[in-house]
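Below are the chains, spelled out letter by letter.
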Amino acid sequence: MHKNSLIQLSRALDRREISSVELTEIYLDRIARMDGKYNSFITVTAELARAQAREADQRRQAGNNGPLTGIPIAHKDIFCTRGVKTSCGSRMLDNFIAPYDATVVEKLRRAGMVMLGKTNMDEFAMGSSTETSFYGPVRNPWDLERVPGGSSGGSACVVAARLAPAATGTDTGGSIRQPAALCGLTGIKPTYGTVSRYGMIAYASSLDQGGPIARSAEDAALLLTAMAGFDARDSTSAERPAEDYSTHLEDSIEGLRIGLPREFFGEGLDSQIGAVIESAVKQFERLGAVVAEISLPNTRLSIPAYYVVAPAECSSNLARFDGVRYGYRCDDAADINDLFSRSRGEGFGAEVKRRIMIGTYALSAGYYDAYYLKAQRIRRLIRDDFHRAFAEADVILCPTSPTVAFKLGEKTDDPVTMYLSDIYTISINLAGLPALSLPAGFVGRLPVGLQLIGDHFGEARLLNAAHRYQQATDWHLRAPEGCG
Amino acid sequence: MDWEPVIGLEIHAQLATRSKIFSGAATAYGALPNTQACGVDLGLPGVLPVLNKEAVRMAVKFGLAIHADISRRSVFARKNYFYPDLPKGYQISQYEIPIVGRGSIEIEGENGAVMRIGITRAHLEEDAGKSLHEAVHGMSGIDLNRAGTPLLEIVSEPELRSAKQAVAYMKKIHSLVRYLEICDGNMQEGSFRCDANVSVRPQGQTKFGTRAEIKNLNSFRFVERAINYEIQRQIDLLGSGGRVVQETRLYDAERGETRSMRLKEEANDYRYFPDPDLLPLELSEEFIAGVEATLPELPDAKKHRFMAEFGLSAYDAALLTANRETADYFEATVTASGGQAKLSANWVMGEVMAALNREGKDITQSPISPTLLGGLVRRIADNTISGKIAKEVFEAMWNGAGDADTIIGTKGLKQVTDTAAIAAMIEEVLQGNPSQVSQYRQGKEQLLAFFVGQVMKKSKGKANPQQINAILKQKLENP
C-alpha cells in the first residue's frame, strides 16, 4: 500500500479498499521499523494519528470528506502543532509544546489529513543539508552516507523512504526544492503570500513560504489546493480567490514557451547534471514546448543579497528566544543579561549564531545602507530580471541544485560552499516567485532535480507542465532501494 | 550670562482602541497580570501582527487636527533591543516614514501672545509590558497586559522656551486628544505621558546646547518641576565651567530632582529596519476623507466661535473650551436657557465650577444637568428671580430638590414685580426712615443703596432690583 501515490491512496479510500486506520498503521509500522537509520522524525505522534484516522474514517462513512480525508502526512517541525512539541530543530525549543496550530496544519487537519509526526530539519531552517539540527543529521534514503538536502530534509526523506505519502516543508532559499531534488521528489514553493505563514516559525519573513513535498506534481497540486489561501492572520497573505491547482494538470503544453537562463548553465554546474537537464529539455520539446535561451544577468548577486536579507531578518525574528517566557533557559543566571546571553548561547547552534551575528552586523548603525539597503536594491534588480524574462517565456527551466546529494560532513566546515548549493533556488525567493522541483533523471544512483520557475501566481501552469512531463517519464516513480 | 532654555517634548498618547494594535486582546486597564495577553502579545513562535484599523483611524484624526501631512504610505519598522518585558525582542514602531508628518498647534505664551509650536511627526507604535519587582518574592515578574497597547508618539520641534510653555503645549495636546476621543488622557494610569528633551544655550546663540532627555513624566506638575530643575542644573553646570553630557535622566518626584539613567555611549543601537511581517500602510484618499468627516469641532475653532456667536471674551471662551465636556455642558446650558450665553457662561464658570471643585468632581459628574442649569438661567433672565435668589435655588438644585421652577414654587421665591406692591413697600421704608430721606434730598445720594437694601429686606429678597431702583428714585426726587 505504501507504494501508492497520494492520489492512488485517495482512490483506494474512496473505494473502501482500505481504511484510514489501516493505512495509518502501515505508515506508523514503517516509521517504527525504518526511521532508526534515517532519523527523519523528531516526534512521532502515533496515538494522535490513530485518533485522527478513526475520525477520518467516520467522516468518510458519513460522506463528509474530501480527497485528502484519511491520508497520512508528516509536518516539518517548523509548523506549530497544538499540544505537540514544535522544536524547529533546535535545543532552544526542545521543551516547547505549541499552544496553537499553524494555519497550514489547521487547514490540512480540516481537510481530514492524519498527522504522523514532526520531521527533522536544519535548526530554524538554516542549512542545506539537515546537518545543523539539534537532533542530528538526516540520511538520504538513496544513499545513507549522503545528506537529503535541507532545510526540509526530514520531510523529503520521509516521502522518499515511503514513511508518509507526503509532507509539508518550508522554503526560504530552496529548502523545499533542493531536498526534493536530492531525494527524487516533487516539491513546490508557491508565490510569496500564497500559503499562510501564521504558525510557521519565522526564519526570514520576507522570503519564507510553506509548500508540499510529494511524489508527483499531481499529488503536490492536491495538497497545495488544501494549503493555500488568504489568511487574515498573516498580513503578507495575498487576498485572492481560492484556486484549485488540479484543474489544469491535463492541459496540453503545446506551444508552452520555456526559457533556459544561460547564467544557470555555466560554470559550477556538474556536467552529468547538465546532461540530465538537456535530455529533460528534449522531452519537453517532444511534448510541444518551445525552448529558447533567456538571460537573468543579476543571478550572481542573489547569494550575497540573500545572505544579507535573510540573516538580517533572522537576527530580529530570533530575538524572541530569550529564555524569559518559553523555550530553553540557562541555569543559575546571575542577572538578566546573563540570562539572555547564556540562554541564547547555549540554546542556539553554531549556524544559527553565525547568521544572527551576520544579520546583526548588517543592520548596525553605519552599515545598514551598505548592506541591507543595497541588498534590497539587488532584490529589485533580480525581480526586474525575471519580469523581463517572463515577457519572453511562460516558464523558466534550470537545474534545482548544482550537484547531486553530497556526503554527510562534506561541507559542514565550509559554510560558503554550503551556501553555494542554493545558487539556483535563492533568486526565486528574492523575487517572490513560484518554483517547483521534479525528478528528471539520475547521476549514478542519485536523483537529479529539475526546476521550473513561474511568474507570480503561476503555480497551476508549473504543475501542469510538471504533470505532463511526469506522464511521459517515470523518474518520479523510482524509489530508493528497500523502500519501493 | 543669560541662558535660553530649549525644550522639545515627545508625548506618548495611548490610543483608546478596544483591542491592541497588532492583536485581538483587550486593552482595558487594571486586569490581573497576563490575562489580557494573547499569543501575539506573548511573542510566541510563529505568530504574526495584524494592524488594528481603528488605531490608524485615530492617528489620522490627530494628524488632520494639527493640519499635518498625512502619509499616504507609511512604514512599520522594528526597533530591536533585549528587555524582559519586550516579548519579541523588538518593538514595532514607525521610523523613517511615520503616518503623521509635520503639523503645528497654537499655545498661549507667558505674555499672553499666541505661539505656534511645530510638531515634527506623530507615529504609531506598540507599548511594552511591565516588569513587577515586588509581586513575586525573590524574583521579577512580567505582566504583558500592556504589551501591544497602541501608542501615538507625538514629537514636537525644539521650539519651547520655558517649562511653562512646555506645560501649556502638553495641556493643549492633552485637550486635543480628548476632544478627538482618541485617548482617555488618564495620566495616573499612564495613558498620557511624555519625555522632555532639555538644553540651554547663551541668549542669542543659534546653535543648540547639548541636551538631556528626561524620561516618563506623567503629570503636568512633574513636567514643569523636572524641566525647571533640569534647566537650573545645566545653567549651574555650564556657569561653573562644566559641560552637559548627552544622557537619559529620570525625574525623582519625591526629591524633586533629575538623575542620570544612562549615557548616550551606553545607548542601544536599535537596528531599525522595515518590519517584513507588515506591508507598508497605504491610505486611500477616501479613507482620509472619511476620517475627516468624523472630526469634531476643535478647541481653537470652538473658542473663536464662542467669542463670535456668544460675545464671550477670549479668556472666558478659552476657559469654557479647555475641554470638550465643559464646552458641551456650556452649549447645552445656553440652549436650555433660551440663548442666554453670557449669563450661562457666568454660571458655568462661577457657581458650577466652584461647586465641582469643592466636591472634587468633574463636569460630567455634576448633579445639575445643563437642562436644569438652563432652566435656572431662564428664570434669572426673565426676572422671575434675582441673581441673589438664584444662588439659593442653585444650592437646592445641587442637592437634588428638582428643577428651578419647582424650587421657586415650593419655596415661594418668585420675584415681586408688581409695581404697586413694590411701591407700597418703598413707601413704608421711606416713612420709617425720615432722617435718611431728608439727608438724601440734601444731596447724600449714596443713601440710595441703603433704601434698596431696606426694600429688599422687606421683600425677603424677592423684589425686582431694577424696579426698586426706578421707583425709589422717582419717589425720592419727586416727593
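Each chain has its residues counted from 1, running along the sequence as written. Naming scheme: in the order in which they are written, chains are lettered from A and ligands are numbered from 1. Two thresholds apply to this predicted model, a pLDDT of at least 70 for residue-level local features and 80 or more for giving and counting side-chain atom pairs, whereas whole-chain, interface and lining totals are computed over all residues.

Turning our eyes to something else, we now look at the overall build of chain A. Secondary structure elements follow DSSP: runs of H or I of four or more residues count as helices, runs of E of two or more count as strands, with numbering from the N terminus. Along chain A, the regular secondary structure elements total 15 helices and 11 strands. Based on C-alpha atoms, the radius of gyration is set beside the globule rule, defined as 2.2 Å times the residue count to the power 0.38. Radius of gyration (C-alpha) of chain A: 21 Å, near the 23 Å computed for a compact globule of 484 residues. Considered along the principal axes of its C-alpha atoms, chain A spans approximately 65 × 55 × 45 Å. Within chain A, buried positions represent 61% of all 484 residues. Three exposure classes are used. Buried residues have 20 or more other C-beta atoms within 10 Å of their own C-beta, exposed residues have 12 or fewer, and partly exposed residues fall in between, all C-beta atoms being placed from the backbone.

Right, let's talk about the sheet that holds strand β14 (residues 273-274) of chain B for a bit. All names here are of chain B. In this scheme, strands are said to pair when DSSP sees at least two bridges between them. Overall, antiparallel pairing links the 3 strands, which are arranged β4-β3-β14 in an open sheet. Edge positions in the sheet fall to β4 (90-94) and β14, since each of these pairs with one other strand and no more. Sheet topology places strand β3 (residues 76-80) next to β14; 2 bridges connect them, and they run antiparallel. Pairing of R78 across the sheet is with F273, part of β14.

All names here are of chain B. As annotated, the domain borders come from an automatic or database domain assignment. Considered domain by domain, chain B is made up of domain 1 (3-289), domain 2 (297-411) and domain 3 (419-477). Each of domain 1 and domain 2 has a C-alpha centre, and these two points are 37 Å apart. Residue-level contacts link 6 residues of domain 1 with 6 residues of domain 2. For the side of domain 1 that touches domain 2, a count of residues per class yields 3 nonpolar, 1 polar and 2 charged. C-beta atoms are first placed from the backbone for all residues, and any pair lying within 7 Å is then listed as a contact. Any residue that is not Ala, Val, Leu, Ile, Met, Phe, Trp, Tyr, Cys, Pro, Asp, Glu, Lys or Arg is counted as polar, Gly included; the first ten are nonpolar and the last four charged.

We now examine the nonpolar core. With 226 residues, the main nonpolar core has I73 and L116 of chain A together with A59, A166 and A196 of chain B as its most contacted residues. Counting residues per element, this core draws most heavily on helix α3 (residues 163-179) of chain B, which supplies 9 residues. A196 of chain B has contacts with I7, L9, A166, I214, L217, V223, A226 and I227 of chain B, leaving out every residue within four places of it along the chain. Any set of buried Ala, Val, Leu, Ile, Met, Phe, Trp, Tyr and Cys residues joined through C-beta atoms within 7 Å is what this text calls a nonpolar core. Of all hydrophobic cores here, the second largest spans 29 residues; its members include V352, L373, I380 and I408 of chain B.

A word on the interface of chain A and chain B. On the chain B side, the residues contacting the 34 residues of chain A number 25 residues. Put simply, the parts of the chain that give the side of chain A that touches chain B at least two residues each are α9 (302-317), α10 (336-347) and α11 (350-363) of chain A. Considering every element that reaches the side of chain A that touches chain B, the biggest residue donor is α9 of chain A, with 3 residues. A class-by-class count of the residues in the side of chain A that touches chain B yields 18 nonpolar, 9 polar and 7 charged.

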